[in-house]
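Residue-level structure breakdown
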Amino acid sequence: MLRTPLCDLLGIELPIVAAPMGPSISGPELAAAVSNAGGLGIVSFGANPPPLLRRLVERVRELTDRPFGVNYLLPFTIPEQVDVCVEQRVPVLSTFWGDPAPYVGAAHDAGLKVLHQVGSVADARRAVDAGVDAVIAQGAEAGGHVAGGVATMVLVPRVVDAIAPVPVIAAGGIGDARGVVAALSLGAAGVALGTRFLATAEAAAHAVHKEQVVAATEEDTALTTMFGGGWPDAPHRALRTPFVAQWLGRGQQDDQPVIGESSFAGERIPVRRFSKATCGCGMLERVATRRPRWSRGMIDVRQACVRRGDQRHLPETW
Ligand SMILES: Cc1cc2nc3c(=O)[nH]c(=O)nc-3n(C[C@H](O)[C@H](O)[C@H](O)COP(=O)(O)O)c2cc1C
């Protein structure tokens, strides 16, 4: 079994984190499946109203008795939402895009660990000054919102050196065991995989979304601000669909027509054109649906992290 100091810090067996990917993808099923398989699942429902958030935390607990986290996008977070996780003793608070300092003290007092995701050495240092327990260093290859402009290969060792001995988790473009091994060799204590877990049976993403991510190659994503409705000036990596390609370079698109409906916080909400984005890194060959041979949970982390035929890149004990 591959163990690193991150495993001891978080009480997990494998240094693999399911990176949060928004409430419509990273729900209780995905998080619990990853946690049950020995990694750390993170759910993305931190932005829900406190009563609903409480129920969702209970739902995760019905599915797993192992450590898991709840993610908060700090520009959209109010203290009452974080209070829920603190009261409920959710093992891990995961934060992104902003200053985690206001939440670290209460989280630690309640025994929670805090992971903060950054895209630069300066932000990593600030997060450590704020007292976080580990830093997720997100390279510019990452899917979803991208905090910095430096590639994972360069950013991770820089952050590792800057904040040692605080553990660093590498994120961005990691899709198979070779990426995991590479991240560890750069000094990371673990990895956070988003896109790879998007294409699993347990992720709540739409089937078409999953298939498109699986079909995408490494050249099929684009970094853009066009889906910035409600979150301006925040670059994100999206699938370069023909539609996206047509609009690329025109920047953020506001005042768009309603093109569909979604649900948030238990309510139906209209979806405007350009209000949702997806991602993809070209490292997936199929949606992972097979039940595990080796893990206790529903998801096979090994299967999810290792492309078929690439087993030779795994450490022998995996
Ligand atoms: C579709 C999608 C949505 C995301 N939404 C969030 C989010 O809500 N909160 C967050 O902290 N990170 C979010 N991320 C970023 C991930 O935490 C992580 O940095 C990224 O997935 C790592 O890169 P990878 O997708 O290449 O594995 C999202 C990523 C994806 C792919």
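Residues numbered from 1 in each chain as written. Predicted model: local features only at pLDDT ≥ 70, side-chain atom pairs only at ≥ 80, totals over all residues.

**A word on the sheet that holds strand S7 (residues 144-145)**
Paired through their backbone hydrogen bonds, the strands of a sheet run either parallel or antiparallel. Put simply, the rule reads: Paired strands, in this sense, are two strands between which DSSP finds at least two bridges. Runs of E in the DSSP output that reach at least two residues are strands. Runs of H or I that reach at least four are helices, and both are numbered from the N terminus.
With antiparallel pairing, the three strands of this open sheet are ordered in space as S7-S11-S10. With one partner strand each, in any of the chains shown, S7 and strand S10 (221-224) form the two edges of the open sheet. In this structure, S10 lies alongside strand S11 (residues 236-239), joined through four bridges in antiparallel fashion. Within S11, the position partnered with alanine 222 by the bridge is alanine 238.

**Some words on the site of the ligand**
Threshold: Placing a C-beta atom from the backbone of each residue, we mark the residue near a molecule or strand if the atom is within 6 Å of it. Residues are grouped as follows: Ala, Val, Leu, Ile, Met, Phe, Trp, Tyr, Cys and Pro are nonpolar; Asp, Glu, Lys and Arg are charged; every other residue, Gly included, is polar.
With respect to spatial proximity, 29 residues lie near the ligand, and among them Phe96, Ala142, Gly143, Gly144 and Gly194 are the closest. Elements with a minimum of two residues in the shell around the ligand: strand S3 (68-73), S7, strand S9 (190-193) and helix H9 (195-198). In terms of residue count, the dominant contributor to the shell around the ligand is H9 (three residues). Per-class residue counts for the shell around the ligand are 14 nonpolar, 13 polar and two charged.

**Some remarks on the packing of helix H2 (residues 28-36) against helix H3 (residues 50-63)**
Basically, it comes down to this: Helix axes use the C-alpha atoms of the stretch in contact, all axes being lines fitted to C-alpha atoms, and the angles between their N-to-C directions lie in the range 0 to 180 degrees. In these notes the angle categories are as follows: under 35 degrees is roughly parallel, over 145 is roughly antiparallel, 65 to 115 is roughly perpendicular, and the rest is oblique. Crossing chirality is assigned from the near helix's rotation relative to the far helix, an anticlockwise turn below a right angle marking it left-handed and a clockwise turn marking it right-handed. By the convention adopted here, residues are in contact when the distance between their C-beta atoms, placed from the backbone, does not exceed 7 Å.
Contact pair H2 / H3: the axes reach a minimum separation of 9 Å and the direction vectors enclose 40°. Judged by the angle between their axes, H2 and H3 are oblique. Classified by chirality, the crossing of H3 by H2 is right-handed. On H3, the residues touching Pro28, Glu29, Ala31 and Ala32 of H2 are Leu56, Arg59, Val60 and Leu63.

**Quick word on the packing of helix H6 (residues 121-130) against helix H7 (residues 152-163)**
Relative to each other, H6 and H7 sit at 35°, their axes nearing to 9 Å. In this structure, H6 crosses over H7, and the sense of that crossing is right-handed. In this structure, H6 uses Val121, Ala124, Arg125 and Val128 to contact H7, whose residues at the interface are Arg158, Val159, Ala162 and Ile163. Residue composition of the contact of H6 with H7, by class: six nonpolar, no polar and two charged.

**Section: unusual backbone geometry**
Here is the rule we go by: In this scheme the burial state of a residue depends on its C-beta neighbours within 10 Å: 20 or more other such atoms mean buried, 12 or fewer mean exposed, and anything in between means partly exposed; the C-beta positions come from the backbone.
Residue proline 165 is bonded to the preceding alanine 164 through a cis peptide linkage, with omega at 10°. Structurally, proline 165 can be placed in the loop between H7 and strand S8 (168-171). One non-glycine residue, arginine 89, lies in the positive phi region at around 50°. For tryptophan 97, which is not a glycine, the phi torsion comes out positive at approximately 65°. In this structure, tryptophan 97 sits in the loop between strand S4 (92-96) and helix H5 (101-109). A tally of 19 C-beta atoms within 10 Å means that tryptophan 97 is categorised as partly exposed.

**Let's talk about the nonpolar core**
Here is a general trend for soluble globular proteins: nonpolar side chains tend to be buried in one another's company. Rules: In this usage, the nonpolar core is the set of buried Ala, Val, Leu, Ile, Met, Phe, Trp, Tyr and Cys residues whose C-beta atoms join them within 7 Å. The domain boundaries here were taken from an automatic or database domain assignment.
Formed by 84 residues in total, the largest nonpolar core has its most connected members in Val135, Ala137, Val168, Ile169 and Val191. Here this core spans two domains, since at least three of its residues come from each of domain 1 (5-205 + 284-313) and domain 2 (207-272). Discounting chain neighbours no more than four positions away, the residues touching valine 168 are Val135, Ala137, Val156, Val159, Val160, Ile163, Gly187, Ala188 and Ala189.

**Structural notes on H5**
Note: α-helices contain 3.6 residues per turn, so residues at a spacing of three or four share the same orientation. To be explicit about the condition: Along the arc lie the directions from the helix axis toward the C-beta atoms.
Within H5 the residues assigned to the buried category are Tyr103, Val104 and Ala107. Seen from one end, H5 has its buried residues packed into an arc of 110°, which puts them on one side. For H5, the exposed residues lying more than 90 degrees away from the buried face are Gly105 and Asp109. Buried residues in H5 make contact with helix H4 (79-87), S4, strand S5 (113-118) and H6. Residue glycine 111 follows H5 closely and has a positive phi angle near 90°.

**Comments concerning the sheet that holds S3**
With parallel pairing, eight strands are arranged side by side around a closed barrel as S1-S2-S3-S4-S5-S6-S8-S9. Averaged over all adjacent pairs, the angle separating strand axes in this sheet is 25°, with direction ignored. Direction of pairing for S5 relative to strand S6 (residues 134-138): parallel, over a ladder of four bridges. Within S6, the position partnered with glutamine 117 by the bridge is isoleucine 136. Its contacts with the sheet put H2 on strand S1 (16-18), strand S2 (40-43) and S3, and the angle it makes with S2 is roughly 165°.

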